[in-house]
Amino acid sequence: MTADTASGRGAGGGAPHDRYPDALLRSILQTVRTIAVVGASPNPTRPSNGVAGFLRRRGYRVFCVNPGHAGATVAGSPCVARLADVPEPIDMVDVFRSLEHIGAVVDEALALEPLPKVIWTQLGLRDEAAASRAEARGITVIMDRCPAIEVPRLGL
């Protein structure tokens, strides 16, 4: 697998982040353990709540990130105000914020030490400039996908 196809670029000749090889998605979902769900809502009818709960039930260590609910439990996981407040290294940042906030979330992730391995944006969310900043620092970026869809689709 070339660097371009490993990052999701050029898979089938499409624009960056149009497609991702199943092998890449499978590798990510089988190796990450700690996931920060940014924008997780305590409302059980919101997709962010459902995905956070799904990931927790699948054995991932989930931290919800939402300053309005810091200190609470969201979808069965502890909630903190900022990524920097997660008490252990983050493998994957799963972003449930609107498009105009993705860049700021990526910049917050880029300030972490150690850096997360993956930044994943949910369905309908794509920010190529933010993705380029993360990839320049060695972070794999997956956009416009949902791990709660990919895990069962890949048979994980």
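Residues numbered from 1 in each chain as written. Predicted model: local features only at pLDDT ≥ 70, side-chain atom pairs only at ≥ 80, totals over all residues. Heavy atoms only, no water.

Scanning the model with the defined rule gives 8 salt bridges in all. Two residues, K117 and D91, come together in a salt bridge whose shortest N-O distance is 2.8 Å. With K117 in the loop between α4 (99-110) and β6 (118-121) and D91 in the loop between β4 (77-80) and β5 (92-95), this residue pair connects regions lying 26 residues apart in the sequence. Connected through salt bridges with shared partners, the residues D22, R145, E150 and R153 form a single ionic network. (Salt bridge = Lys/Arg side-chain N within 4 Å of Asp/Glu carboxyl O. Helix = DSSP H or I, 4+ residues; strand = E, 2+ residues; numbered from the N terminus.)

What follows deals with the pairing of β5. Where a strand is regular, its side chains alternate between the two sheet faces. Burial of the side chains of β5 extends over both faces: M92 and D94 are buried on one face and V93 and V95 on the other. Of the pairings in the sheet, the one linking strand β1 (residues 34-38) to β5 comprises 4 bridges and is parallel in character. Residue V37 lies in a different strand from β5, and its bridge partner there is D94. Bridge analysis of β5 against β6 gives 4 bridges, and the strand direction is parallel. Bridge pairing in β6 places D94 opposite W120. As for the winding sense of the linkage, the β-α-β connection from β5 through α4 to β6 is right-handed. (Buried < 20%, exposed > 50% of the residue type's maximum accessible area, 1.4 Å probe, protein only. Pairing = 2+ DSSP bridges. Right-handed = clockwise from strand over helix to strand, strands pointing away.)

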